[in-house]
Amino acid sequence: MNGRSDNPHNPHSPGPSDPEGTPRPALSRRTLLGAAGLGAAALTAAGSGAAGAATANSAAASGSSAQRRAHSFLAAAMDAYPDHGDVRLTQSYTDQAGLFSTAFTYDNALAILAHLSACTGPGRRRAVALGDALLYAQAHDPVYDDGRLRQAYNVGPYVFFDGVAQPDGFVRADGTANVGTQFGFTGTAVGDMAWAGIALSALARRTGKRRFLDGAVRIGTWIEVNGSTEQPLGGYKFGVDGANAKLPFSSTEHNTDLVCLFGRLALLTGDPVWRERRARARAFVEKMWEPTAGSGGFFYTGTNDGVTVNRSPIPEDTQTWTHLALNSRRYSGSLDWAAAELAVLDRADRTNSTVPAGQSYEGVTFSSASLVANEDAPIAEFQPRPNRNGVWFEGTAHLALALRDRAGRGDEARAHRLVASIERAQELLGTGQTVGGRALPGRAGVVSATSPLDTGFGFGYYSYRHTGATAWYLLAAARANPLRA
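Description of the structure in this document.

**What to know about the overall build of the chain**
The helix and strand tally for the chain stands at 13 helices and 17 strands. In the chain, buried positions account for 61% of the 485 residues. About 16300 Å² of surface is accessible on the chain, with carbon and sulfur atoms providing 50% of the total.

**What to know about the pairing of strand E6 (residues 237–240)**
Direction of pairing for strand E5 (residues 188–189) relative to E6: antiparallel, over a ladder of two bridges. Directly across from Ala189, in E6, lies its bridge partner Gly239. In this sheet, strand E7 (residues 246–251) lies alongside E6 in antiparallel orientation, the contact comprising three bridges. Each residue of the ladder has a partner; that of Val240, found in E7, is Lys246.

**Observations regarding the packing of helix H6 (residues 210–227) against helix H7 (residues 252–269)**
At a minimum axis distance of 11 Å, the contact between H6 and H7 shows a crossing angle of 130°. The angle between H6 and H7 falls in the class oblique. Of the two elements, H6 crosses H7, and the hand of that crossing is left-handed. On H7, the residues that touch Leu213, Ala216, Val217, Ile219, Gly220 and Ile223 of H6 are Leu258, Leu261, Phe262, Leu265, Leu268 and Thr269. Each residue belonging to the contact of H6 with H7 can be placed in one class, and the counts come to ten nonpolar, two polar and no charged.

**Some thoughts on the sheet that holds E5**
Think of a sheet as strands paired side by side through backbone hydrogen bonds, with each pair either parallel or antiparallel. Spatially, five strands are ordered E5-E6-E7-E10-E11 in an open sheet, and the strand pairing comes out antiparallel. Each end of this open sheet is capped by a strand with a single partner; those strands are E5 and strand E11 (309–310).

**Things to note about the packing of aromatic side chains**
Overall, the coordinates contain 33 aromatic pairs when judged by the stated rule. Through a chain of ring-to-ring contacts, the aromatic side chains of Phe100, Phe104, Tyr158, Phe160, Phe161, Phe183 and Phe185 assemble into a single cluster. The cationic tip of Arg148 hangs over the ring face of Tyr144; the distance from NZ or CZ to the ring centre is 3.6 Å.

**Things to note about unusual backbone geometry**
A negative phi holds for most residues other than glycine; trans holds for most peptide bonds. Each neighbour pair has its own omega, and for Ser312 with Pro313 the value is -5°, a cis peptide bond. Residue placement: Pro313 occurs in the loop between E11 and helix H9 (317–326). Here the phi dihedral of Phe100 falls at roughly 55°; this positive angle occurs in a residue that is not glycine. With respect to the helices and strands, the residue Phe100 is situated in the loop between helix H2 (65–78) and strand E1 (102–104). A positive phi angle is found at Asn352, which is not glycine, with a value near 65°. Relative to the elements of secondary structure, Asn352 occurs in the loop between strand E12 (343–347) and strand E13 (360–364).

**A few points about helix H4 (residues 121–139)**
With 19 residues, H4 extends 27 Å between its outermost C-alpha atoms, agreeing within 8% with the 27 Å of an ideal straight helix rising 1.5 Å per residue. Of the positions making up H4, those classed as buried are Gly123, Ala127, Val128, Leu130, Gly131, Ala133, Leu134, Leu135, Tyr136, Ala137 and Gln138. Where H4 is buried, its residues meet H2, helix H3 (105–117), strand E2 (152–154), helix H5 (190–207) and H6. Between the side-chain oxygen of the N-cap and the backbone nitrogen of Gly123 there are 3.1 Å, and the N-cap of H4 in question is Thr120.

**Here's the deal with the environment of Val446**
By secondary structure assignment, the location of Val446 is in the loop between strand E15 (438–439) and strand E16 (453–454). Sequence separation between Val446 and Phe73 is 373 residues; the distance between their C-alpha atoms is 8.7 Å. Look past the residues within four positions of Val446 in its chain and what remains in contact with it is Phe393, Ile422, Gln426, Tyr464, Arg465, His466, Ala469, Thr470 and Tyr473.

**With respect to helix H12 (residues 411–428)**
Because an α-helix packs 3.6 residues into every turn, residues spaced three or four apart end up facing the same way. Taking 1.5 Å per residue as the helical rise, H12 with its 18 residues ought to reach 26 Å, and the 26 Å between its terminal C-alpha atoms agrees with that figure. Burial in H12 covers these residues: Asp411, Ala415, Leu418, Val419, Ser421, Ile422, Ala425 and Gln426. The buried residues of H12 occupy one face: seen down the axis, they fall within an arc of 150°. Looking at the buried side of H12, the elements it contacts are H2, E13, helix H11 (393–406) and helix H13 (467–478). Just beyond H12, the residue with positive phi is Gly430, at close to 75°.

**Points about the pattern of salt bridges**
This model, assessed by the stated rule, comprises 23 salt bridges. One salt bridge in this structure joins Asp79 and Arg88, with 3.0 Å as the shortest N-O distance. Its salt-bridge partner being Arg126, residue Asp79 comes within 2.6 Å of it at the nearest N-O pair. Taken together, the residues span a long stretch of sequence, with Asp79 in the loop between H2 and E1 and Arg126 in helix H4 at a distance of 47 residues. Here the residues in one salt-bridge network are Asp336, Arg406, Asp411 and Arg414, joined through shared partners.

**Some details on the pairing of E7**
Taking the residues between adjacent antiparallel strands as the criterion, E6 and E7 are bridged by five residues, where Asn244 takes a positive phi near 70°. Where E7 and strand E10 (residues 302–303) come together, two bridges link them in antiparallel fashion. Looking at E10, one finds that Ser251 is bridged to Gly302.

Rules behind the numbers
- Residues numbered from 1 in each chain as written.
- Predicted model: local features only at pLDDT ≥ 70, side-chain atom pairs only at ≥ 80, totals over all residues.
- Heavy atoms only, no water.
- Helix = DSSP H or I, 4+ residues; strand = E, 2+ residues; numbered from the N terminus.
- Buried < 20%, exposed > 50% of the residue type's maximum accessible area, 1.4 Å probe, protein only.
- Areas by Shrake-Rupley, 256 points an atom, 1.4 Å probe, with all protein chains shown as cover.
- Pairing = 2+ DSSP bridges.
- Axes fitted to C-alpha atoms, helices over the stretch in contact; angles between N-to-C directions.
- Parallel < 35°, antiparallel > 145°, perpendicular 65-115°, else oblique.
- Left-handed = near helix turned anticlockwise from the far one by under 90°.
- Contact = heavy atoms within 4.5 Å.
- Nonpolar A, V, L, I, M, F, W, Y, C, P; charged D, E, K, R; others polar.
- Phe/Tyr/Trp six-rings, centres within 6.5 Å; stacked < 30°, edge-to-face > 60°.
- Lys NZ or Arg CZ within 6 Å of the ring centre and 35° of its normal.
- Expected span 1.5 Å × (residues − 1).
- Polar contact = N/O pair within 3.5 Å; in protein donor to acceptor, adjacent residues only side chain to side chain.
- Arc of directions from axis to C-beta.
- Salt bridge = Lys/Arg side-chain N within 4 Å of Asp/Glu carboxyl O.

What follows is the structure in structure tokens.
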């Protein structure tokens, strides 16, 4: 999520060590919203034309071997705790990441969209099950009954670093949704909510089931009540922390997500108020545009105070998601900026690289700050030192999909190289990892990064197989734009 500060508080730093001094992992979903008073948090955060569309539809229906293996990872991560009920979400990272059974709302929204992109009966059934789990979380929050979803949930038992057991699955013994309290994943971000609404709206359109549209409308209403602002830059604020205090910053990424969500709600409900809200979100995004000579331009990350634009660092996702949501040639140069300015190539001889000898991967990194990270210091306390050339595969998939969507000269060839890099990583990186203590299908699941990667906002990405990165790969491979209203 992006609404980042020039001098952000570090919301992804690890907590204190356990009694034996074993370090905890960095919290690696975009921002931590559990504690009150976070301050300036780091927000996250084939051919064109008819022939290309036919190819895309065929590929989505049948799937390449790499796509089938990616889907098998999503299935394994969803089914990791069979003794804890049928109402379930998908674990976000493999066990080795140290986040145990955490299931981020954002990752699960992406999983729904990736399952739908497969255009198969099993994929649709999994998407519906995950959608119903999000609706369950809405209806069974342990504190609130206002349509919110929390940043993350627990989906299986584990023993925390302090020795305290978390015994439940997604549904606790008292019937409430199992909010991720031990890591502090208890706040509610507008971006996470928007992605959940986008996924539910996709299910409403695909299935015709009213419950999914009702859930998406509840999300949109919560965002309007808790995120709208009349400050000079306008748009929507970040959300609330775990104490339900409103957070003061606004994110380009979040408002981009809302362009899609509100546009879909306008189409599905026929209520013109959603068009007005979509226009407000889009106006904020357009105020973040910085035209530049040569590269076409880029989008800044957001604002801390609703008045001043944050000008550094510049993240990747605000360049690619804006194209996918806005569908505007005026701003499509942001893809060229990201492809040129954030390009990286990771291999074993790079400083702090964890890529095995003889392998190399191309793609993009998280932000402009990632390229100048201090390679002599850990990303966060107890974490490894970063590699400035680490490839962020979630963002690499964003870019590949956006290039395919734009379909300009050279875009397909560039996108093909990026997708091939992701598929090679699925083959070779993250071997031996597990979900819920269970072995994964062979060569299944995309790691979040090739090597330790410093985002520039106080947290990192690492070489753990990841639901979000895998889902974005599947969307890019299927040419399925999740942000087009």
